[in-house]
Amino acid sequence: MKQYNEILNDYVEITADMYPIIAAIWGIKKSKLSIFSKDYIHNSINRYKNILKIIDSYQYNSRDIYIKIRKACQLRIYELNRLESWSQPYFYVDHSINTISMPWEVYNGSVKEEFDKVSVLLQLENIGCFFEIAKSNLSNVELAKFDCFHTIQELTRLQKGLFEKLRSNNISEQKMNYFKDEIYLFQSFLKDKVYKADKFYKPLGEEIFKECIYLNSGIVIDFDLFLRDLSNHIIFLNQKYPKSKVTNRNNTSEKSISMDLLKSVLNLNKANENLQSEIIKTINVVSNEILSMDLGGKYCYTRCKNIRSNELKGVMTYDPMKLNSANSILGVVHEIYPGHHYSALINSKVNFIESIIFTNEIFEEGWAKYCEKIYAYTYINDQKLIEEFELGIAKSILLAIAAIYIHVLKTELDKTVKLLSQYFNFDNITLKNACLQAYLYPLEGISYILGYYFVSYYFKDKKFSSYNIEDLILNHEYYMEGLQYEQIQYT
């Protein structure tokens, strides 16, 4: 009988072999890029299925340690088999240019790693073969225009920064020109696919999206009920606040997020000195201007996911041009304490590797969003903070409704924007961008509000105490598994 750690190591090995981007994130160095031939993909699926066979031959219960590995293998098989992730053009951006640039970019300043010139040169050697197989895989696939456009634009954007770093580390012009040529040929291939494409985008469809939500969270979704609740929720917000308030804020009275602000947030929840010291020691707070990166939003949290490390390190990155006094506080609550970083800290103490490998985006985003509510309404109880929180909820609802319209109801982009304008006092550009974001990242689109509904359900009859917080963070997978949406629905 294989021991748990052996099976976990098997899962890590298969995943690192299959997904170069994940190997880079986990700190596993690969000498070459993966070549995603059909045989290679099928072989990886079979390797995951073999793990499932081993686990299913054991006797285990719903809280058993094997459950997480089993669910993770099911998710990987679903991605490769049902979603056919390898048939999406951006898949090949992630596993080439993003993988090569990963060692110095993924951690956003929380970890400094040496530039591995030998590994990069080896990866560049088989870039031609990589893109040839990519084109072969995509040749007989009906691609959507927007997927091709998005991939072409991202390749152009990403290669500029990458080549600057390659040049600064003395990678020869010959090697870089070879890389540029292969990217150009792949972009040309995608441009040709754009002209032949009939559809602007390809929705997932109700069943696939439903399965995606379940495998990532354990929740069994009812889209009709969920959409009705989202509509009622935004109607309630529009009645509670004038439409002029549930809209974008552009005032920027804050230019930075300081450690003093973090300390004040910690003190509001009366965090003990040891906890305060541990959080401050393990987090960096950095402006995106220093890192020369585009966040897209106001702020984000990134954790070092090097599985060979033995300590938690994380960073909150923020855009000083989008800050105000209210969202600065909520940003710290969401990204650091008691949101993402604190959740990572609690989990890492129980099983460091598991806390990296197995993540539940719907829970994590919902947890961080619920923490904002507690601070806005309870610990601080400030009207500006409450309005900022509700603005965030409105945007979360916007993304979720957009994701359902596009992926479940298969509504066209212009019609979706028009439908959303009935609920939201945002300009058409904001609505359109939300639709495109929800299309590209449907799980993320529903994660904030669906996770928020789940966490609200958990605390419905419980205090926001240290005991209950740790219980939820450590056992949310158990509480979410098989949960029917109507049990957590918004009221």
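Since this is a predicted model, take the numbers as computed values, not measurements. (Residues numbered from 1 in each chain as written. Predicted model: local features only at pLDDT ≥ 70, side-chain atom pairs only at ≥ 80, totals over all residues. Heavy atoms only, no water.)

Student: Residues and numbers for the packing of aromatic side chains, please.
Tutor: Per the stated rule, a full pass over the model turns up 40 aromatic pairs. Taking 6.1 Å as the distance between ring centres and 85 degrees as the angle between the ring planes, the aromatic pair formed by Tyr 377 and Phe 389 counts as edge-to-face. With Tyr 377 in helix 19 (residues 361-379) and Phe 389 in helix 20 (residues 383-407), the pair connects residues that are 12 residues apart, well separated along the chain. A residue is classified by how much of its surface remains accessible, and Tyr 377, at 26% relative accessible area, is partly exposed. Taking the centre distance of 6.1 Å and the plane angle of 55 degrees together, the rings of Phe 389 and Tyr 452 count as tilted. Residue Phe 389 is found in helix 20, and its partner Tyr 452 is found in helix 23 (residues 442-458); the two are separated by 63 residues along the sequence. Accessibility assignment for this pair places Phe 389 and Tyr 452 in one class, buried. Above the face of the Tyr 214 ring, Lys 71 is positioned so that its terminal group lies 4.8 Å from the ring centre. Stacked on the ring of Tyr 19, the Lys or Arg Arg 76 has its end atom at 5.2 Å from the ring centre. (Phe/Tyr/Trp six-rings, centres within 6.5 Å; stacked < 30°, edge-to-face > 60°. Helix = DSSP H or I, 4+ residues; strand = E, 2+ residues; numbered from the N terminus. Buried < 20%, exposed > 50% of the residue type's maximum accessible area, 1.4 Å probe, protein only. Lys NZ or Arg CZ within 6 Å of the ring centre and 35° of its normal.)

Student: Mind laying out the side chain of Ser 217, listing which residues take part and the relevant values?
Tutor: The residue Ser 217 is located in helix 11 (residues 206-217) in this model. For Ser 217, a relative accessible area of 0% gives the class buried. A polar atom in the side chain of Ser 217 sits 3.1 Å from the backbone nitrogen of Ile 219. Aside from chain neighbours lying at most four places away, what touches Ser 217 is Lys 71, Asn 360, Ile 362, Glu 477 and Met 480. (Polar contact = N/O pair within 3.5 Å; in protein donor to acceptor, adjacent residues only side chain to side chain. Contact = heavy atoms within 4.5 Å.)

Student: Please give an account of the sheet that holds strand 1 (residues 283-287) that cites residues and values.
Tutor: Taking strand neighbours across the sheet as the criterion, the 3 strands line up as 1-3-2 in an open arrangement whose pairing is mixed. Edge positions in the open sheet fall to strand 1 and strand 2 (299-303), since each of these has one partner strand only. Here the average twist between neighbouring strands, direction ignored, is 20 degrees. Both strand 2 and strand 3 (residues 314-318) contribute to a ladder of 5 bridges, which runs antiparallel. Bridging from a neighbouring strand, Cys 300 pairs with Thr 317 of strand 3. (Pairing = 2+ DSSP bridges. Axes fitted to C-alpha atoms, helices over the stretch in contact; angles between N-to-C directions.)

Student: An account of the nonpolar core is requested, with residue identities and associated values reported.
Tutor: In terms of nonpolar packing, the biggest core is built from 101 residues, with Phe 226, Ile 279, Tyr 337, Trp 367, Phe 424, Ile 446 and Leu 450 touching the most fellow members. The biggest single contributor to this core is helix 20, with 16 residues. Here Leu 450 is in contact with Ile 213, Ile 219, Ile 221, Phe 226, Ile 362, Tyr 485 and Ile 488, once residues within four sequence places are set aside. The next biggest cluster of nonpolar side chains, apart from the first, holds 64 residues, and it includes Trp 26, Ile 69, Phe 189 and Leu 190. (Core = buried A, V, L, I, M, F, W, Y, C linked by side-chain atoms within 4.5 Å.)

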